Each structure stands twice: as C-alpha cells, then as structure tokens.
Amino acid sequence: METIPYTVTPREDTGLINAKLGIWLFLASEVMLFGGLFSAYIFLRLGAVSWPEGSSILNVPIGTFNTLVLIGSSVTMVLSWAALAEKRFDRFRLYLGLTMLLSLLFLVVKGFEYSEKFSHHLYPASSSFMAIYFTLTGLHALHIIGGLVVNGYLWGPGSKMWASDPERFTNRVEIAGLYWHFVDLVWIFLFPVLYLL
Amino acid sequence: MSLKHFHIFFIVVSTLVLFGLGVWGLNGYFKHDANGSNLIIALIAFVVGGVLIVYGIKVFQKLKAL
C-alpha cells in the first residue's frame, strides 16, 4: 500500500506538511466568511438610524463567562498537543477530554442565552441587531460543533493511530488545535463587538 | 505558523480583550450606574488577564522547549 506523502516530513517547496498547508488555506477561507459577516455588521450599523448598545440587550456576564470557557478550552487544547509531544498519551486524553467538556459547556450556555432571547420574543426577524447577532453567533456555534466532532474523533476512534504512527497522530492533533484556536479567536472578536460596543 | 505561535498570539489577543473588558466594566460602574455586576466583571477580567500574562510567559518557555 502506498502511503500518503508529507504527513510527517515537510514538503521541500512549501516547507510544511500537507495538512498544515491545507488547514491554513481552509482558515483563510474562514477569515473571508467571518470577515464578510463582520463587514455586514459594520455596514448595517453605519446605515442604521439608531443602533442599540449590545449590553442593553445581551447578557454581558454570560458572554464573559463563555469567553473565559473558550479561553480555557484553547489552553487545554494546546496542552493536549504538548502532552503528545512529550509522549504522554494519558495526559493527552485528559486535556482533550477537558477541551470537549468546555466546548459542550459553551454550547449549553449559548443555548440558554438563545432561549432567554426567545422567551423575550427576540428573534432574528426582530431587528437588524438581532439578525446579525443570531447569524454571527449561530455560525460560530456551528463551528464549535464541527470542532467538537473532530476532537471527539481524535479522542476516541482516531486515537488508535497513536500506536501505529505517533508522529502523524501528533500532527493531526496540532491541525485540530489550529482550527480550534481560530474558532476561539473569532469569539474573542465577536464578544466585544456584539456585547460591549 | 505552528500551534505554538498561534497559541501565544491567541493568549496576547485574549489578554488585551480582557483588559478592554475590565476598562469597560469600570467605566460602566463609575460613569454610568453603580451596577455591581459591572464591577465584578471588571475585577474578573483584570484578574484573568493578569493570570494569562503569567501563563503566557510560562507556556512560552514550555513550548519553546518542545
């Protein structure tokens, strides 16, 4: 069986393993996706006769809590990769498991926040602010779910690769970590823009 | 960019946002209304921001060695 090239050793022309080049190309497309929606937010706000202060509609303490949860999940994500680099598989599972728990907590809190808005009859159709709020945070939540699926695979069935090809598995976790950091970074920008300004 | 570098960048941006949140909380508390939750948010933001600075230095040294 022919093995896939450049999963462990970098390509001579790019200086990167293929997966790392691939994830950065993907993240570049994600920057354009979220960048387009951020631009929509700016134009909606500039064109509006009046625009509500985010903190008057959204729950800042809950948003702050979720921000801290995601910062914590990035810390555990990088620690899980570092544990593999130190050949400590048990630690890897602990830290990646914590990352998944924190991402689940984020989603539960987000769901609570959404239901609170719905109970006050605040829907995407209620105002431009609510429309862009639900679009941006909903798309972000979908990305969290995507990361949860990938991390779940690496924690569970995908971790069998550690026994056969540990270096390649470590690279896979690093790639998942890059994606996870990007998703968290999007929230770090979303939080002040939507909740505070 | 590797995960090491992206993580350091993430910690720097997070720290800046948390200090910004701290200033927002203090501003809300002292200039608008003496809402206790704003003060608590500011305190938490400054404390976690400080913790992230210490963590950032430690993790930078740890990751450099990997």
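Since the model is a prediction, treat every value here as computed from it, not as a measurement.

What counts as what
Residues numbered from 1 in each chain as written. Chains lettered and ligands numbered in written order. Predicted model: local features only at pLDDT ≥ 70, side-chain atom pairs only at ≥ 80, totals over all residues. Heavy atoms only, no water. Contact = heavy atoms within 4.5 Å. Buried area = accessible area lost by both parts, 1.4 Å probe. Salt bridge = Lys/Arg side-chain N within 4 Å of Asp/Glu carboxyl O. Polar contact = N/O pair within 3.5 Å; in protein donor to acceptor, adjacent residues only side chain to side chain. Helix = DSSP H or I, 4+ residues; strand = E, 2+ residues; numbered from the N terminus. Nonpolar A, V, L, I, M, F, W, Y, C, P; charged D, E, K, R; others polar. Expected span 1.5 Å × (residues − 1). Buried < 20%, exposed > 50% of the residue type's maximum accessible area, 1.4 Å probe, protein only. Patch = residues over 30% accessible without salt bridge, like charges linked within 9 Å, V, L, I, M, F, W, Y side chains within 5 Å. Areas by Shrake-Rupley, 256 points an atom, 1.4 Å probe, with all protein chains shown as cover. Axes fitted to C-alpha atoms, helices over the stretch in contact; angles between N-to-C directions. Parallel < 35°, antiparallel > 145°, perpendicular 65-115°, else oblique. Left-handed = near helix turned anticlockwise from the far one by under 90°.

(A) View of the interface of chain A and chain B. With 28 residues of chain A at the interface, the matching set in chain B holds 23 residues. Overall, the association of chain A and chain B removes approximately 2,400 Å² of surface from exposure, summing both partners, and the carbon and sulfur fraction of that is 86%. Contact with chain B buries surface across chain A, with A:Ile71, A:His181 and A:Leu185 losing the most and accounting together for 20% of the total. Between B:Lys62 and A:Glu86 there is a salt bridge whose closest N-O contact spans 3.4 Å. Here chain A and chain B share five residue pairs in polar contact (both at pLDDT 80 or more) between them. At the level of elements, helix H1 (18-47), helix H3 (60-85) and helix H7 (166-196) of chain A are the ones that each hand at least two residues to the side of chain A that touches chain B. Partitioning the side of chain A that touches chain B into residue classes produces 19 nonpolar, five polar and four charged.

(B) Layout of helix H2 (residues 36-65) of chain B. In this model H2(B) runs 44 Å from its N-terminal to its C-terminal C-alpha over 30 residues, within 8% of the 44 Å that 1.5 Å per residue would give. All of the buried residues in H2(B) are B:Asn38, B:Ile41, B:Ala42, B:Ala45, B:Gly49, B:Leu52, B:Tyr55, B:Gly56, B:Val59 and B:Leu63. Those residues of H2(B) that are buried are in contact with H3 of chain A together with helix H1 (3-32) of chain B.

(C) Structural view of a nonpolar patch on the surface. On the surface, a cluster of nonpolar side chains totalling about 360 Å² of accessible area is made up of A:Leu94, A:Leu98, A:Leu101 and A:Leu104. Along the chain, A:Leu98 falls in helix H4 (residues 89-119).

(D) Local environment of the packing of H3(A) against H1(B). Two elements in contact, H3(A) and H1(B), have axes whose closest approach is 11 Å; the angle formed by their N-to-C orientations is 160 degrees. Taken together, H3(A) and H1(B) sit at an angle that is classed as roughly antiparallel. Judged by the sense of rotation from one axis to the other, the crossing of H3(A) with H1(B) is left-handed. Here A:Val60, A:Thr64, A:Leu68, A:Ile71, A:Ser74, A:Val75, A:Val78 and A:Trp81 of H3(A) lie close against H1(B), whose contacting residues are B:Leu3, B:Lys4, B:His7, B:Phe10, B:Ile11, B:Ser14, B:Leu18, B:Leu21 and B:Trp24. In terms of residue class, the contact of H3(A) with H1(B) is built from 12 nonpolar, four polar and one charged.

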